[in-house]
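Coordinate analysis (summary)
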Amino acid sequence: MKLSDTISKVRGVGVKKAAAFARLGIQTVYDLLTYYPRAYEDQSRVTPIARLHAGERATVLAVIQRVTERQARRRGFTILTVLLGDETGYAQVVWFNQRFLKTKLREGRRILLTGKAEYAYNGRGQLALTNITSFELLGAEEDAGAHLGILPVYAATEGLTQKQLRQMMTYALAQTVDELEENLPQRIREEYRLIGRRAAFQRIHFPKQEEELRAARRRLAFEELYLIQCGLLALKKRTAEQQEGIAHRTDGTLVARVLAALPFELTADQARVWAEISRDMESPLPMRRLVQGDVGSGKTAIALLALVKTVENGCQGALMAPTEILAHQHYDTLRELLAPLGVRVGFLSGRLTKKERTAMDAALAAHE
């Protein structure tokens, strides 16, 4: 099985199941493997019924004593009640509107299930297990230990149960062992003490202990960020090789006048950053640069100088902001500094009237 195969290649996935997976955004086998659990259920320990405490989740191994079904007052709504017993006592299990379970839950069968212990509303103060997240029907001699551990809990949808998702995930992992090739250099894995890729996928879905889960999360998170960074570097290299930017001239009188008009002198760090950006702008290669600094560290002043250098070279520049309020603040600052120097500054926003937008578009087209 290949990672690029459609989800229908996974055993147990027919037309209806494929449609259910599509609702979750899962189209391929790789989509399934990267559909990580939203939570985990610790079923590593079995709790005797006598030691159940209201409000706590627990895993119980017991024998089905009695199964009853009754119609609720709400039409078409049924309540299935199962009485369980072990060597220490009895407890009820309640399922709502799941009539199909009645044929599976036979008296005398052993069952391993996990749910929340609550007092039943039957006037007897008897504990009941509700919100059942998983259950397994066991054979008379079957070892329950094989079903204990940390179980993944997925964000499901109609037509897909947790049990089905786990079974399909197990099958997909087993069938794609050879496909999950290592994609991080050995030097990187050793330096950051990362587990292998195959082990990470196995443990993110079916960890045997918390340490395995933490190691899997760390590896997969690192891999994602590492590949994004590689992609950005590859894009930068390709851009440098294939695209030609605008080679600006060295700083002229307009840049000097703006520097003199600033209400402060550039700090050593600001001057160094501006020198680097100015040098990049004078190169024929397109520039991609991130300026990082605290609030008030002078990033806007650096952006202002880059815009002025662009204008001085006969081009137009744009300063984009994430909110309209911030954009207007920048507009007011730039207009106050640049208007006396003969540089026109315009404000462009989705809230402009049609007349204002038409005028702005015309000024941009005319390079004004």
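Given the structure is predicted, the values throughout are model-derived calculations rather than measurements.

Taking 1.5 Å per residue as the helical rise, helix 9 (residues 299-312) with its 14 residues ought to reach 20 Å, and the 20 Å between its terminal C-alpha atoms agrees with that figure. By the criterion of burial, helix 9 is predominantly enclosed, with 10 of the 14 residues buried. Burial in helix 9 covers these residues: Ala301, Ile302, Leu304, Leu305, Ala306, Leu307, Val308, Lys309, Thr310 and Glu312. On its buried face, helix 9 sits against helix 7 (253-261), helix 8 (268-281) and helix 10 (324-338). With its phi angle positive at about 80°, Gly314 sits one or two positions after the end of helix 9.

If you walk through the whole model with that rule in mind, you get 20 salt bridges. Glu191 is the partner of Arg187 in a salt bridge, and the nearest nitrogen-oxygen pair spans 3.7 Å. With Arg187 and Glu191 both in helix 4 (residues 186-192) and four residues apart, this pair spans about one turn of that helix. Using a relative accessible area of 56% as the deciding quantity, one classes Arg187 as exposed. Residue Asp251 is joined to Lys309 by a salt bridge in which the shortest nitrogen-to-oxygen separation is 2.4 Å. Taken together, the positions of Asp251 in the loop between helix 6 (210-242) and helix 7 and Lys309 in helix 9 put the pair 58 residues apart, joining distant regions of the chain.

With that settled, consider the packing of aromatic side chains. Under the counting rule described, the total for this entry stands at six aromatic pairs. Here Tyr192 and Phe222 contribute two aromatic rings whose centre-to-centre distance is 4.9 Å and whose plane-to-plane angle is 45°, an arrangement assigned as tilted. With a gap of 30 residues between them, Tyr192 in helix 4 and Phe222 in helix 6 connect regions that are remote in the sequence. Among the aromatic residues, ring-to-ring pairing joins Tyr192, Phe222 and Tyr226 into one connected group.

Of the volumes computed, that of the largest pocket is approximately 1,000 Å³. Lining the largest pocket are 43 residues, and of these Ile302, Ala303, Leu304, Ala306 and Leu319 sit closest to its centre. Going through the elements one at a time, helix 8, helix 9 and helix 10 are the ones with two or more residues in the lining of the largest pocket. Of all the elements, helix 9 adds the most residues to the lining of the largest pocket, at nine residues. Of the residues belonging to the lining of the largest pocket, the class tally is 26 nonpolar, 13 polar and four charged. Lining the second largest pocket are 29 residues, and of these Gly317, Ala318, Leu319, Val345 and Gly346 lie nearest its centre. Counting residues per element, the ones that place at least two in the lining of the second largest pocket are helix 9, helix 10 and helix 11 (354-365). For the lining of the second largest pocket, the element with the most residues is helix 10, which contributes six residues. A per-class count over the lining of the second largest pocket returns 18 nonpolar, eight polar and three charged.

If you trace the backbone, Thr59 turns up in strand 2 (residues 57-71). Reaching out from Thr59, the side chain makes a polar contact with the side chain of Thr114 at a distance of 2.8 Å. Non-local contacts of Thr59, meaning those with residues more than four positions away in its chain, are made with Asp42, Gln43, Arg45, Val46, Thr47, Leu112, Leu113, Thr114 and Leu148.

With six of its eight residues buried, strand 4 (residues 89-96) lies for the most part within the structure. The pairing of strand 3 (residues 78-86) with strand 4 spans eight bridges and is antiparallel. Considered in strand 4, the bridge of Leu80 is made with Trp95. What sits between the antiparallel neighbours strand 3 and strand 4 is a turn of two residues.

A separate point is the sheet that holds strand 6 (residues 127-138). Overall, mixed pairing links the five strands, which are arranged 2-3-4-6-5 in a closed barrel. The average undirected angle you get between the axes of adjacent strands in this sheet is 50°. Note that strand 2 and strand 5 (residues 110-119) share seven bridges and pair antiparallel. Each residue of the ladder has a partner; that of Val63, found in strand 5, is Arg110.

For the rest of this paragraph, the subject is unusual backbone geometry. With a phi close to 50°, Asn131 is a non-glycine residue in the positive phi region. Position of Asn131 among the secondary structure elements: in strand 6.

Helix length check: helix 8, at 14 residues, gives a terminal C-alpha distance of 20 Å against a target of 20 Å (1.5 Å per residue), a fit within 8%. Inspection of helix 8 places Gln270, Val273, Trp274, Ile277, Ser278 and Met281 among the buried residues, and these make up the whole buried set. Down the axis of helix 8, the sector holding all buried residues measures 135°, keeping them to one side. Facing away from the buried side of helix 8, by more than 90 degrees, are the exposed residues Ala268, Asp269 and Arg279. On its buried side, helix 8 packs onto helix 7 and helix 9.

What counts as what
- Residues numbered from 1 in each chain as written.
- Predicted model: local features only at pLDDT ≥ 70, side-chain atom pairs only at ≥ 80, totals over all residues.
- Heavy atoms only, no water.
- Helix = DSSP H or I, 4+ residues; strand = E, 2+ residues; numbered from the N terminus.
- Expected span 1.5 Å × (residues − 1).
- Buried < 20%, exposed > 50% of the residue type's maximum accessible area, 1.4 Å probe, protein only.
- Contact = heavy atoms within 4.5 Å.
- Salt bridge = Lys/Arg side-chain N within 4 Å of Asp/Glu carboxyl O.
- Phe/Tyr/Trp six-rings, centres within 6.5 Å; stacked < 30°, edge-to-face > 60°.
- 1 Å grid on protein atoms, 1.4 Å probe; cavity = no way out; pocket = protein on both sides within 12 Å on 5 of 7 lines; lining within 4 Å.
- Points joined across faces, edges and corners; volume = space filled by probe spheres on them.
- Nonpolar A, V, L, I, M, F, W, Y, C, P; charged D, E, K, R; others polar.
- Polar contact = N/O pair within 3.5 Å; in protein donor to acceptor, adjacent residues only side chain to side chain.
- Pairing = 2+ DSSP bridges.
- Axes fitted to C-alpha atoms, helices over the stretch in contact; angles between N-to-C directions.
- Arc of directions from axis to C-beta.

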